[in-house]
Amino acid sequence: MLEVMAFSCSLLLSFVMTGVERNHRQRRPHHPMLVHAGYALVGLLSASAILLTSYAAGSALGYV
């Protein structure tokens with residue numbers, strides 16, 4: 001299950017970064033869907049980083 005989530009996040013991340021780079025190179029504004037996908041990725045990756053950090057800290061302290 002983790003592999004599927006990692007694959008889908010990386011696929012979405014490559015799509016967003018390619019679109020941002022292309023728009024920057026052509027000096028065009030970003031499409032609203034591209035901005036929303038970027039914000040969704042930021043939220044998803046931030047939440048997973050917080051959860052994994054708290055799991056690692058709890059594991060190191062013996063709570064898990």
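Here the structure is a predicted model, which means the values were calculated and not measured.

Student: Give a description of helix 2 (residues 32–61) that names residues and reports values.
Tutor: Over its 30 residues, helix 2 runs 43 Å from end to end, which matches the ideal 44 Å to within 8%, given 1.5 Å per residue. Along helix 2, the residues that are buried comprise Leu34, Ala37, Gly38, Leu41 and Gly58. The elements touched by buried residues of helix 2 are helix 1 (2–25). Positive phi appears at Gly62, one or two residues downstream of helix 2, with a value of about 90°.

Student: Account for a nonpolar patch on the surface, with residues named and values stated.
Tutor: On the surface, a nonpolar cluster with roughly 560 Å² of combined accessible area is contributed by Tyr55, Leu61, Tyr63 and Val64. Among the structural elements, Val64 can be located in the segment after helix 2.

Student: Give a description of the pattern of salt bridges that names residues and reports values.
Tutor: What the rule picks out here adds up to one salt bridge. Measuring nitrogen to oxygen at the nearest pair gives 3.7 Å for the salt bridge that ties Arg25 to Glu21. Highlighted residues: Arg25 and Glu21, both in helix 1, separated by four residues, approximately one helical turn. Judged by relative accessible area, which is 57%, Arg25 ranks as exposed.

Student: Give me the lowdown on helix 1, citing residues and values where you can.
Tutor: Here helix 1 spans 34 Å end to end across 24 residues, near enough to the 34 Å set by a 1.5 Å rise per residue. Considered for burial, the residues of helix 1 that qualify are Cys9, Val16, Gly19 and Asn23. Looking at the packing, one finds that the buried side of helix 1 touches helix 2.

Student: Could you give an account of the environment of Ala40, naming the residues involved and the relevant values?
Tutor: Relative to the helices and strands, Ala40 resides in helix 2. Sequence-wise, Ala40 and Leu11 are 29 residues apart; in three dimensions their C-alpha atoms are separated by 13 Å.

Cut-offs used in this document
Residues numbered from 1 in each chain as written. Predicted model: local features only at pLDDT ≥ 70, side-chain atom pairs only at ≥ 80, totals over all residues. Heavy atoms only, no water. Helix = DSSP H or I, 4+ residues; strand = E, 2+ residues; numbered from the N terminus. Expected span 1.5 Å × (residues − 1). Buried < 20%, exposed > 50% of the residue type's maximum accessible area, 1.4 Å probe, protein only. Contact = heavy atoms within 4.5 Å. Patch = residues over 30% accessible without salt bridge, like charges linked within 9 Å, V, L, I, M, F, W, Y side chains within 5 Å. Areas by Shrake-Rupley, 256 points an atom, 1.4 Å probe, with all protein chains shown as cover. Salt bridge = Lys/Arg side-chain N within 4 Å of Asp/Glu carboxyl O.

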